[in-house]
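Structure assessment
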Amino acid sequence: MLKERRDVLLPESYKRRKIEEMEERVREIKAALGKALFIPGHHYQKDEVIKFADATGDSLQLAQICAQNKDAEHIVFCGVHFMAETADILTGVKQYVYLPDMRAGCSMADMANIFQTERAWNHLQQFFDDTIIPLTYVNSTAAIKAFVGRHKGATVTSSNAHLMVKWAFRQKERILFLPDQHLGRNTAFDLGIPLSQMAIWDPVKDELVYEGNLDEVKVILWKGHCSVHVNFTIQNVQSVRQHYPNMRVIVHPECHHDVVALADHNGSTKYIIETIEQAPPGSEWAIGTEMNLVNRLIASHPDKKIISLNPHMCPCLTMNRIDLPHLLWNLEKIVLNDPINRIQVDEKTAQEAITALERMFKV
Ligand code: 13P
Ligand code: SF4
């Protein structure tokens, strides 16, 4: 039986250790544990952490990679809380998932809790009867994924949102899309649903925001957003157009609809990376996504001119909580057989959430 502890704060001693010494120790532990240790790293992680990742990817890729891994007893997830929960749901009972810093949450996932969601569902059933299917972006808690699984819905990522929205409309007349209104709006709009047929559910006021005939509503968007991607504005796009006439603008669909509409390309993290990789030398790009990734793309493509769409952008603060000292602390505790910060989703929630995830994998 694995001992469990949740130590929120990094011991002071780690703050005094030298970078080279910490890096060497991470390498030693990785070599000693071999395949029993697996470190997945999301593309938005810092370089100091990404350099030790055994696999990097966007949220869909990392979920798939963790589901396929049958060897690792210890999965130290370098990403945010909902991703580690998904990894725990998709891995075996003898595989333990950890988050190096428990404060690495996601403000978007925090914008939909299960109590708000149950309340919203009751209201919406009164308005629309049994005509709604719920879809949740994977950027949501395990409890929300379980809710969606219970109600015959599925999870979605930014890489497969179009497919999943089409799938959902084959099941029911209307969609409730949680928790990111922007991904929901941008995806539905691309698929031909006019903004006039999209309502917003406000979970704070318990209120459906819609002007018009409710029969017309096709998509109900949860009023949540990514605190990083909403910082790209139409003024940013206009400024790029003015100063760099040859520059292409590429953004993540978590950005506002008017920003996505003005951009030349929009797509998931994976799509953005692949588009830049395949672009010809000398091409110019303004990228609207998380800053650690933009900086990495700038560094790895010196033959292209790349800038952030918003020159004053910061990295995702919660992704950034995972740093070299926290990674090493987590690894050293595993080696001492005194692991910390394990992420464990209870059996019932995991079972229901898995049905939502599996519907997505099947589609
Ligand atoms: P993807 O990894 O699905 O592109 O999601 C972006 C994101 O905001 C992750 O937190
Ligand atoms: Fe959450 Fe946005 Fe940060 Fe992703 S980038 S973890 S969605 S706040």
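All values derive from a computational prediction rather than experimental measurement. (Residues numbered from 1 in each chain as written. Chains lettered and ligands numbered in written order. Predicted model: local features only at pLDDT ≥ 70, side-chain atom pairs only at ≥ 80, totals over all residues. Heavy atoms only, no water.)

1. Quick look at the nonpolar core
If you look at the biggest cluster of nonpolar residues, it comprises 103 residues, and the most contacted ones within it are L135, I287 and L309. Setting aside its immediate chain neighbours within four residues, L309 contacts F232, N236, V237, V240, V249, V251, V259, A286, I287 and G288. In terms of nonpolar packing, the next biggest core, distinct from the first, is built from 20 residues, I114, F128, A199 and W222 among them. (Core = buried A, V, L, I, M, F, W, Y, C linked by side-chain atoms within 4.5 Å. Buried < 20%, exposed > 50% of the residue type's maximum accessible area, 1.4 Å probe, protein only. Contact = heavy atoms within 4.5 Å.)

2. Comments concerning the sheet that holds strand β4 (residues 74–76)
Read across the sheet, four strands follow the order β1-β4-β5-β16 without closing on themselves; strand pairing throughout is mixed. Each having just a single partner strand, β1 (37–38) and β16 (342–343) make up the two edges of the open sheet. In the sheet, β1 pairs with β4 via two bridges, with the strands oriented parallel. Residue pairing across strands places F38 opposite I75, the latter belonging to β4. This element, helix α14 (residues 324–335), spans β1, β4 and β5 (96–98) of the sheet and lies at about 170° to β4. (Pairing = 2+ DSSP bridges. Helix = DSSP H or I, 4+ residues; strand = E, 2+ residues; numbered from the N terminus. Axes fitted to C-alpha atoms, helices over the stretch in contact; angles between N-to-C directions.)

3. Digging into the layout of surface pockets
Of the voids in this model, the largest pocket is the one considered here, and its volume is about 400 Å³. The wall of the largest pocket is formed by 28 residues, among which Y44, C226, V228, H229 and C316 lie closest to the centre. Residues that form the lining of the largest pocket fall into these classes: 15 nonpolar, eleven polar and two charged. (1 Å grid on protein atoms, 1.4 Å probe; cavity = no way out; pocket = protein on both sides within 12 Å on 5 of 7 lines; lining within 4 Å. Points joined across faces, edges and corners; volume = space filled by probe spheres on them. Nonpolar A, V, L, I, M, F, W, Y, C, P; charged D, E, K, R; others polar.)

4. Things to note about the site of ligand 1
The immediate surroundings of ligand 1 are formed by H42, Y44, D58, S59, M83, Y137, N139, S158, H252, E254, T269 and M319. A distance of 3.3 Å separates an oxygen atom of ligand 1 from a polar side-chain atom of Y137. Here an oxygen atom of ligand 1 and a side-chain polar atom of H252 are 3.0 Å apart. For ligand 1, whose accessible area on its own is 300 Å², the fraction buried by protein is 96%. With respect to the detected pockets, ligand 1 is housed in the largest pocket. In terms of residue class, the shell around ligand 1 is built from four nonpolar, six polar and two charged. (Near = heavy atom within 4 Å. Polar contact = N/O pair within 3.5 Å; in protein donor to acceptor, adjacent residues only side chain to side chain. Areas by Shrake-Rupley, 256 points an atom, 1.4 Å probe, with all protein chains shown as cover. Sits in = over half its atoms within 2 Å of the grid points.)

5. Structural notes on the UniProt feature "binding site: iminosuccinate" (unreviewed entry) in the protein
The sites that UniProt annotates as "binding site: iminosuccinate" (unreviewed entry) are H42, S59, Y137, V138, N139, S158, H252, P253, E254 and T269. Looking only at the residues we just named, the largest cavity is lined by S59 and V138. Among the structural elements, V138 can be located in the loop between β6 (132–137) and α7 (142–150). Among residues more than four places away in sequence, those in contact with V138 are S59, F82, K145, T155, V156, T157, L357 and M360. One can find E254 in the loop between β12 (248–251) and α11 (257–262). Excluding residues within four positions of it along the chain, E254 makes contact with M108, Y137, N139, D180, H182, C226, H229 and V230. A polar contact of 2.5 Å, which involves the side chain of E254, links it to the side chain of Y137. (UniProt positions renumbered as here; feature names shortened; annotations may be inferred.)

6. Examining helix α5 (residues 81–90)
Here α5 lies mainly inside the structure; nine of its ten residues are buried. Those residues of α5 that fall on the buried side of the exposure criterion are F82, M83, A84, E85, T86, A87, D88, I89 and L90.

7. Side note on the site of ligand 2
Around ligand 2, the neighbouring residues are Y44, V80, C106, S107, M108, N139, C226, V228, E254 and C316. Structurally, ligand 2 is housed in the largest pocket. Looking at the shell around ligand 2 residue by residue, the classes come out as seven nonpolar, two polar and one charged.

8. A few points about empty space enclosed by the protein
All chains considered together, the criterion is met by one cavity of 30 Å³ or more. In this model, the largest cavity occupies a volume close to 70 Å³. Lining the largest cavity, in full, are S59, L62, A63, F77, F82, M83, T86, V138, T157 and M360. Counting only elements with at least two residues in the lining of the largest cavity, the list comes to α4 (59–68) and α5. A breakdown of the residues in the lining of the largest cavity according to their chemical character gives seven nonpolar, three polar and no charged.

9. Looking at α4
Of the positions making up α4, those classed as buried are S59, L60, L62, A63 and C66. Down the axis of α4, the buried set is contained in an arc of 165°. They therefore lie on one face. Among the structural elements, β1, β2 (40–42), β3 (55–57), β4, α5 and α15 (347–362) are those in contact with the buried residues of α4. (Arc of directions from axis to C-beta.)

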